[in-house]
Amino acid sequence: MNKTKAAAYITLYINFIVYSLASVCAKYAAISEDKLMSVVFIGGEIALLGIYAIIWQQVLKKIPLGVAMSSKGITIIYGLVFAVILFGEQITVTNIVGALIVVAGICLVAQDD
């Protein structure tokens, strides 16, 4: 893999973190009792999704759509990490098994590129 393609993949996965953080904002907006903070978090979610969309379009110039779309499943892993770190949620064995299946699928699709 050349440096340009490696940089594109790194950008793709960082962009998926941005996408996952939009979901974090959505959850904070949902659990916030202060209406102003809910609006702030919704605004943050919209901003993050906008940033994600712009970067996504740039990444698709360098990575095949099928590989990029299948890689989007990694957001499940990021979601689990954020759930534990930010919300104190518990990860179950079922969550882990499901995440491993997703990662295996990503590896199978990405190895063709």
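Structure report, in brief. (Residues numbered from 1 in each chain as written. Predicted model: local features only at pLDDT ≥ 70, side-chain atom pairs only at ≥ 80, totals over all residues. Heavy atoms only, no water.)

**A short note on the pattern of salt bridges**
Line of reasoning, step 1. For the coordinates displayed, the defined rule picks out one salt bridge.
Line of reasoning, step 2. Between Lys27 and Glu89 there is a salt bridge, with its nearest N and O atoms 2.4 Å apart. Here Glu89 lies in the loop between helix H4 (75-87) and helix H5 (93-110) and Lys27 lies in helix H1 (residues 3-31), a separation of 62 residues in the sequence.
Line of reasoning, step 3. Residue classification places Lys27 among the partly exposed positions, given a relative accessible area of 31%. (Salt bridge = Lys/Arg side-chain N within 4 Å of Asp/Glu carboxyl O. Helix = DSSP H or I, 4+ residues; strand = E, 2+ residues; numbered from the N terminus. Buried < 20%, exposed > 50% of the residue type's maximum accessible area, 1.4 Å probe, protein only.)

**Here's the deal with H4**
Line of reasoning, step 1. Those residues of H4 lying buried are Thr75, Tyr78, Leu80, Phe82 and Ala83.
Line of reasoning, step 2. The elements touched by buried residues of H4 are H1 and H5.
Line of reasoning, step 3. Where H4 terminates, the next one or two residues include Gly88, which has phi positive at roughly 65°. (Contact = heavy atoms within 4.5 Å.)

**Brief notes about the packing of aromatic side chains**
Line of reasoning, step 1. All told, the structure shown has six aromatic pairs when counted by the stated rule.
Line of reasoning, step 2. Ring geometry for Tyr13 against Phe16: centres 5.8 Å apart, planes inclined by 90°, an arrangement best described as edge-to-face. Pair noted here: Tyr13 and Phe16 are both in helix H1, with a separation of three residues, about one helical turn.
Line of reasoning, step 3. On the basis of relative accessibility, which here comes to 21%, the residue Tyr13 falls in the partly exposed class.
Line of reasoning, step 4. Between Tyr19 and Tyr52, the ring centres sit 4.7 Å apart and the planes meet at 40°, which makes this aromatic pair tilted. One end of the pair, Tyr19, is in helix H1; the other, Tyr52, is in helix H2 (residues 35-59), with 33 residues separating them in the sequence.
Line of reasoning, step 5. Taken together, the aromatic side chains of Tyr13, Phe16, Tyr19, Tyr52 and Trp56 make up a single cluster linked through ring pairs. (Phe/Tyr/Trp six-rings, centres within 6.5 Å; stacked < 30°, edge-to-face > 60°.)

Nothing here speaks to function; it is geometry throughout.
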